[in-house]
Structure formats: structure tokens, C-alpha cells
Amino acid sequence: MSDCLFCKIVAGDLPADKVYEDDHILAFRDIAPKAKTHILVIPKRHITNLSTVEESEWPVVTHALQQLTPIAHSEGLEGFRVITNNGADGGQEVFHMHWHLLGGGRLPGF
Ligand code: 5GP
Ligand code: ZN
């Protein structure tokens, strides 16, 4: 999607501090980290959020979820937190689905 920030990062039109990439997903550091380690994991194809995933897209979602632990381990994290904000009322600001991977030390409860 041409006016989507994360699609621009996928296309290489905007820079990002990448930590993992394969054919289907990209992981890069959040520009405004909310924890010592804060990585965003996104599908390369534009999916708005969890509520709009189409039948054919679930394998990509599953793949992204499968890669969260290896990405966390590559960052030296054993425990970590995963959040996806879904829709404006859920706090979503960038409407290209992403998982926040947060860790580093003991995270506060919520
Ligand atoms: P949301 O609120 O949509 O769940 O999260 C969007 C996240 O994207 C925020 O944590 C924000 O800091 C991050 N973000 C916004 N713009 C950029 C950017 O240009 N580059 C990177 N790396 N992260 C961004
Ligand atoms: Zn997009």
C-alpha cells in the first residue's frame, strides 16, 4: 500500500534498523522503544490488522508468530512480551499489522 509507513520500510523507501528478514516477514527496532529491547515484527505484505486477515494470509501470520521466539533469542531474551494493538480503540497507530516484541530485564506487570 503506497501510503503505508511499514510498506515503505519493506520496500526500502524508508530506513529501519533491521534485526531479521525472510521472504514473508521483517523485524526491526521500534523508533521509540518502550522497553530495553523493542522490536516490531511485520508481515511483508500489507495486512491492516488481526481483524482483517484473509483466509489465504493466515500462514503468514502463523509464520510470524513462529519466528518471535527465535528473534527474541537472537536478542538474548529468554522472557519477553508480545503485543498487537488492534484497531484505533486498541491503540493501533500504524495500520499495517505488527507485533511488538518487548524485553530486557523484568518487565512490569499490567
Ligand atoms: P502501534 O501503536 O500502531 O501498535 O505501534 C506503532 C509503533 O510504530 C510505535 O511503537 C512507534 O514507535 C513505531 N513507529 C512509528 N513510526 C516508526 C518508524 O518510522 N520507524 C520505526 N522503526 N518505528 C516506528
Ligand atoms: Zn503496509
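Look a little higher up for the structure.
Cut-offs used in this document
- Residues numbered from 1 in each chain as written.
- Chains lettered and ligands numbered in written order.
- Predicted model: local features only at pLDDT ≥ 70, side-chain atom pairs only at ≥ 80, totals over all residues.
- Heavy atoms only, no water.
- Pairing = 2+ DSSP bridges.
- Helix = DSSP H or I, 4+ residues; strand = E, 2+ residues; numbered from the N terminus.
- Axes fitted to C-alpha atoms, helices over the stretch in contact; angles between N-to-C directions.
- Contact = heavy atoms within 4.5 Å.
- Donors = N, O, S within 2.8 Å, 3.2 Å for Na, K, Ca; no water.
- Tetrahedral: all angles 85-135°; square planar, octahedral: opposite > 155°, others 65-115°.
- Near = heavy atom within 4 Å.
- Polar contact = N/O pair within 3.5 Å; in protein donor to acceptor, adjacent residues only side chain to side chain.
- Areas by Shrake-Rupley, 256 points an atom, 1.4 Å probe, with all protein chains shown as cover.
- Nonpolar A, V, L, I, M, F, W, Y, C, P; charged D, E, K, R; others polar.

Caption draft 1: Layout of the sheet that holds strand β4 (residues 81-83). An order of β1-β2-β3-β5-β4 is seen for the five strands of this open sheet, with the pairing classed as antiparallel. Pairing within the sheet leaves two strands with one partner each, and these edge strands are β1 (18-21) and β4. Neighbouring strand axes in the sheet, compared pairwise and without regard to direction, differ in orientation by 20° on average. Summarising the sheet, β4 and strand β5 (residues 99-103) pair through three bridges and their orientation is antiparallel. Residue pairing for β5: Arg81 is matched across the bridge by Leu102. Here helix α2 (residues 58-74) sits on the sheet in contact with β1, β2 (25-29), β3 (37-43), β4 and β5, set at roughly 15° to β5.

Caption draft 2: Local environment of the coordination of the zinc ion (ligand 2). Only Cys4 (SG), Cys7 (SG), His46 (ND1) and His96 (ND1) from the protein coordinate the zinc ion (ligand 2), and they sit 2.1 to 2.3 Å from it. With four donor atoms in place around the zinc ion (ligand 2) and angles of 106 to 117° between them, the coordination shape is tetrahedral. On the primary sequence, the residues serving as donors to the zinc ion (ligand 2) are separated as C-x2-C-x38-H-x49-H. Placement of Cys4 in the segment before α1 (5-11) and of His46 in the loop between β3 and α2 is noted, with a sequence separation of 42 residues between them.

Caption draft 3: Region of the structure containing the site of ligand 1. What surrounds ligand 1 is a group of 16 residues, the closest being Asp30, Glu93, Val94, His98 and His100. At 2.9 Å from a nitrogen atom of ligand 1 is found a main-chain nitrogen or oxygen belonging to Arg29. His98 has a polar side-chain atom sitting 2.8 Å from an oxygen atom of ligand 1. When isolated, ligand 1 has an accessible area of 530 Å², and the protein chains bury 84% of it. Looking at the shell around ligand 1, the elements that each hand over two or more residues are α1 and β2. Split by residue class, the shell around ligand 1 holds seven nonpolar, five polar and four charged.

Caption draft 4: Structural view of the side chain of Asn49. Mapped onto the elements of the fold, Asn49 is located in the loop between β3 and α2. Side chain to side chain, Asn49 and Gln92 meet in a polar contact 3.1 Å long. When sequence neighbours within four positions are dropped, the list of residues in contact with Asn49 reads Asn86, Gly87, Gln92 and Met97.

Caption draft 5: Examining the pairing of β1 more closely. Pairing between β1 and β2: three bridges, direction antiparallel. Paired with Lys18 across the two strands is Phe28, which belongs to β2. Counting the residues that bridge the hairpin from β1 to β2 gives three residues.

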